[in-house]
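Architecture and fold: a report
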Amino acid sequence: QVQLVESGGGVVQPGGSLRLSCAASGRFISINSMAWYRQAPGKQRELVATSTSEGSTNYGDSVKGRFTISRDNSKNTVYLQMNSLAPDDTATYYCHANVYRAFPVGWSEVWGQGTLVTVSS
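Along each chain, residues carry numbers from 1 onward, in the same order as the chain's sequence is written. Thresholds applied to this predicted model are a pLDDT of at least 70 for local features of residues and 80 or more for the giving and counting of side-chain atom pairs; totals over whole chains, interfaces and linings are not thresholded and use all residues. Water and hydrogen atoms play no part in the side-chain values, which are based on all heavy atoms of the structure.

Throughout, disulfides are identified as pairs of cysteine sulfur atoms within 2.5 Å of each other. According to the stated counting rule, one finds one disulfide in the structure shown. Paired through a disulfide, Cys22 and Cys95 show a sulfur-sulfur distance of 2.1 Å. Of note, the bridge from Cys22 to Cys95 carries an S-S torsion of about -85° and is left-handed in sense. Taken together, the residues span a long stretch of sequence, with Cys22 in strand E3 (residues 18–26) and Cys95 in strand E9 (residues 91–102) at a distance of 73 residues. Relative accessible area decides the class of each residue, using a 1.4 Å probe on protein chains only: under 20% of the type maximum gives buried, over 50% gives exposed, and in between gives partly exposed. For Cys95, a relative accessible area of 0% gives the class buried. By definition, any uninterrupted DSSP run of H or I lasting at least four residues is a helix, any uninterrupted run of E lasting at least two residues is a strand, and each is numbered from the N terminus.

This is how it looks when you write it as structure tokens:
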């Protein structure tokens, strides 16, 4: 079984910064794409940022220029550096990965449990 464990959420003032981490563990052969999504109360889950195993990145329009996704493939970990945070960034942030399982062999989409980010003065 493959698990994603997020950390780094919390309460921050507008204009502040936070760094989220997501580590993959379990029996897998490789990880393709890793991504961050978020869901605010009463809203649909939306894509925040993605990172492929080759290093390509993509961002949602609302976070471009403020958030940065990065990966440490040696640690099977993806990060989300969030700067210039605003109240509209308040949401539960979820990690997602496309993982090639070791047993049974095959691809799986895996989600983390989510970490809450609250931007408030």
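When you line up the elements, Gly65 lands in the loop between strand E6 (57–59) and strand E7 (67–72). Take Gly65: its relative accessible area is 86%, and that puts it in the exposed class. Put simply, Gly65 and Ser84 are 19 residues apart on the chain and 9.4 Å apart in space, counted from C-alpha to C-alpha.

Here the focus is the packing of aromatic side chains. Each aromatic ring pair is specified by the distance between its two centres and by the angle formed by the two planes. Ring geometry is summarised as follows: Phe, Tyr and Trp rings, the Trp one being its six-membered ring, pair when their centres sit within 6.5 Å, and such pairs are stacked at plane angles under 30 degrees, edge-to-face over 60 and tilted between the two. As enumerated under the stated definition, the model contains two aromatic pairs in all. Residues Tyr100 and Trp107 carry aromatic rings whose centres are separated by 5.0 Å and whose planes lie at 55° to one another, so their mutual orientation is tilted. For Trp107, a relative accessible area of 51% puts it in the exposed group. Here, a charge over a ring means that NZ of Lys or CZ of Arg falls within 6 Å of the ring centre while also lying within 35 degrees of the ring normal. Arg19 extends its terminal NZ or CZ atom over the ring of Tyr79, reaching a point 4.0 Å from the ring centre. Over the ring of Trp111 we find Arg45; its NZ or CZ atom is 4.7 Å from the centre of that ring.

Attention now moves to the nonpolar core. A general feature of soluble globular proteins is that nonpolar side chains tend to end up buried together. Core analysis: the biggest nonpolar cluster contains 30 residues, and Leu4, Trp36, Val48, Phe67, Leu80, Met82 and Tyr93 have the highest contact counts within it. Mapped by element, the contributors of at least two residues to this core are strand E1 (2–7), E3, strand E4 (28–39), strand E5 (46–51), E7, strand E8 (77–82), E9 and strand E11 (115–119). In terms of residues, this core owes the most to one element, E9, which gives five residues. Throughout this description, the term nonpolar core refers to a set of buried Ala, Val, Leu, Ile, Met, Phe, Trp, Tyr and Cys residues connected via side-chain atoms within 4.5 Å.

It is worth spelling out the environment of Thr118 at this point. Inspection of the secondary structure puts Thr118 in strand E11. The exposure class of Thr118 is partly exposed, given its relative accessible area of 23%. Along the primary structure Thr118 and Met82 are separated by 36 residues, whereas in three dimensions their C-alpha atoms are 12 Å apart. When neighbours within four sequence positions are excluded, Thr118 is seen to be in contact with Gly10, Val11, Val12 and Thr90. Throughout, a contact is declared for two residues whenever any of their heavy atoms are within 4.5 Å.

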